[in-house]
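Overview (structure and organization)
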Amino acid sequence: TEKVKWGHADWQNLYKGIEKFGIDPSSWRKIIDTYCPNREVLFIRIKASRAIGSQGLNRYHGWIGNKADVLAEYERNKQIGLATGCWKGGILVENDHKHAEAAIKKRDAEEAAAGVEPPGKRIKLH
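Because the structure is predicted, anything quoted here is derived from the model rather than measured.

A few points about the overall build of the protein chain
Check the secondary structure of the protein chain and you find five helices and four strands. Shown N-terminal to C-terminal, the secondary structure of the protein chain runs as helices and strands in the order α-α-α-β-α-β-β-α-β. Within the span of the protein chain, comprising 126 residues, buried residues form 36% of the whole. Relative to all contacts within the protein chain whose residues are 6 or more apart in sequence, the contacts with residues 24 or more apart total 59%. When the accessible surface of the protein chain is totalled, it reaches about 7,400 Å², and 55% of it is carbon and sulfur. Computing the positive centroid from 22 side-chain charges and the negative centroid from 16, the protein chain places the two 4 Å apart.

Some details on the packing of aromatic side chains
For the coordinates displayed, the defined rule picks out six aromatic pairs. Measuring from centroid to centroid gives 5.7 Å for Trp-6 and Trp-11, while their planes differ by 90°, and the two rings are edge-to-face. For Trp-6, a relative accessible area of 11% corresponds to the buried category. Take Trp-11: its relative accessible area is 23%, and that puts it in the partly exposed class. Aromatic side chains Trp-6 and Phe-43 sit 5.3 Å apart centroid to centroid with 70° between the ring planes, which places their arrangement in the edge-to-face category. Residue Trp-6 is located in the segment before helix H1 (8–21), and its partner Phe-43 is located in helix H3 (residues 41–52); the two are separated by 37 residues in the primary sequence. The residues Trp-6 and Phe-43 share a single accessibility class, namely buried. Taken together, the aromatic side chains of Trp-6, Trp-11, Tyr-15 and Phe-43 make up a single cluster linked through ring pairs.

Details of the side chain of Ser-54
Relative to the helices and strands, Ser-54 is located in the loop between H3 and strand E1 (63–64). Residue classification places Ser-54 among the buried positions, given a relative accessible area of 1%. Polar contacts involving the side chain of Ser-54 include one to the main-chain carbonyl oxygen of Gly-56, which spans 2.7 Å. Excluding residues that lie within four positions of it along the chain, Ser-54 makes contacts with Ser-49, Arg-59, Tyr-60, Asn-77, Ile-91 and Leu-92.

Things to note about the nonpolar core
In a soluble, globular protein the nonpolar side chains are often hidden away together inside. Counting residues in each nonpolar core, the largest one holds 19 residues, and the members touching the most others are Leu-14, Ile-18, Ile-23, Trp-28, Ile-31, Ile-44 and Trp-63. At the level of elements, H1, helix H2 (28–34) and H3 are the ones that each hand at least two residues to this core. Among the elements that line this core, the one with the most residues is H3, at five residues. The contacts of Ile-18, once residues within four sequence positions are left out, are Ile-23, Ile-31, Ala-48, Trp-63, Ile-64, Gly-65 and Val-70.

Thoughts on the confidence of the model for the protein chain
Confidence in the prediction for the protein chain averages 93 pLDDT; 95% of positions are at 70 or higher. Per-element confidence in the protein chain is highest for strand E2 (residues 87–88), whose mean pLDDT is 98, and lowest for strand E4 (residues 121–122), whose mean pLDDT is 85.

Definitions and cut-offs
- Residue numbering note: each chain is counted from 1, following its sequence as written.
- Owing to the predicted nature of the model, reporting of local features is limited to residues with pLDDT of at least 70; listing and counting of side-chain atom pairs is limited to 80 or more, with chain, interface and lining totals taken over all residues.
- To obtain the side-chain values, all non-hydrogen atoms of the structure were included, while hydrogens and water were left out.
- Every helix listed is a DSSP run of H or I at least four residues long, and every strand listed is a run of E at least two residues long, numbered separately from the N terminus.
- Per-residue accessibility, obtained with a 1.4 Å probe over protein chains only, is compared with the maximum for each type, and a residue is labelled buried under 20%, exposed over 50%, and partly exposed between these values.
- In what follows, a contact means two residues having at least one pair of non-hydrogen atoms within 4.5 Å.
- Surface accessibility in these figures is a Shrake-Rupley result with a 1.4 Å probe; residues are shielded only by whichever protein chains are displayed.
- His is not counted here, nor are the chain ends, while Lys and Arg score as positive and Asp and Glu score as negative.
- In plain terms, the charge of a residue is placed at NZ if it is Lys, CZ if Arg, CG if Asp and CD if Glu.
- Ring pairs shown here join Phe, Tyr and Trp side chains whose ring centres sit within 6.5 Å, with only the six-membered ring taken for Trp; geometry is labelled stacked below 30 degrees between planes, edge-to-face above 60, and tilted in between.
- Under the rule applied, a polar contact is a pair of N or O atoms within 3.5 Å (in protein, one hydrogen donor and one hydrogen acceptor; residues adjacent in sequence only if both atoms are side-chain atoms).
- We define a nonpolar core as any set of buried Ala, Val, Leu, Ile, Met, Phe, Trp, Tyr and Cys residues linked to one another through side-chain atoms lying within 4.5 Å.
- Note: pLDDT gives the predictor's confidence per residue, expressed from 0 to 100.

Pasting the structure below:
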């Protein structure tokens, strides 16, 4: 099933799916059924990971956002990845020393203290 080339329309459909159902293990099948027929769960999860720029999606469970939110979060992840040396192949990948995790916690705390709202929103706690 995954031999069909992934194109611009597929990315747009994935963004629609993330906006409607969020990033969560329970979302992948809904995204497939509604927007990305004939795709597999693992494939959609990997594409969502690439879209948001993070190998680990656990911190996004319950996160929902539109295309602009996804792209903004990608850039935030890229900044952390480049600053920590954890940007690999276009996604944020944690290292053995947890540098990315520490940088994310620091950024989130600084944003919270400054009253800055991050992209997207939580529809359920992770």
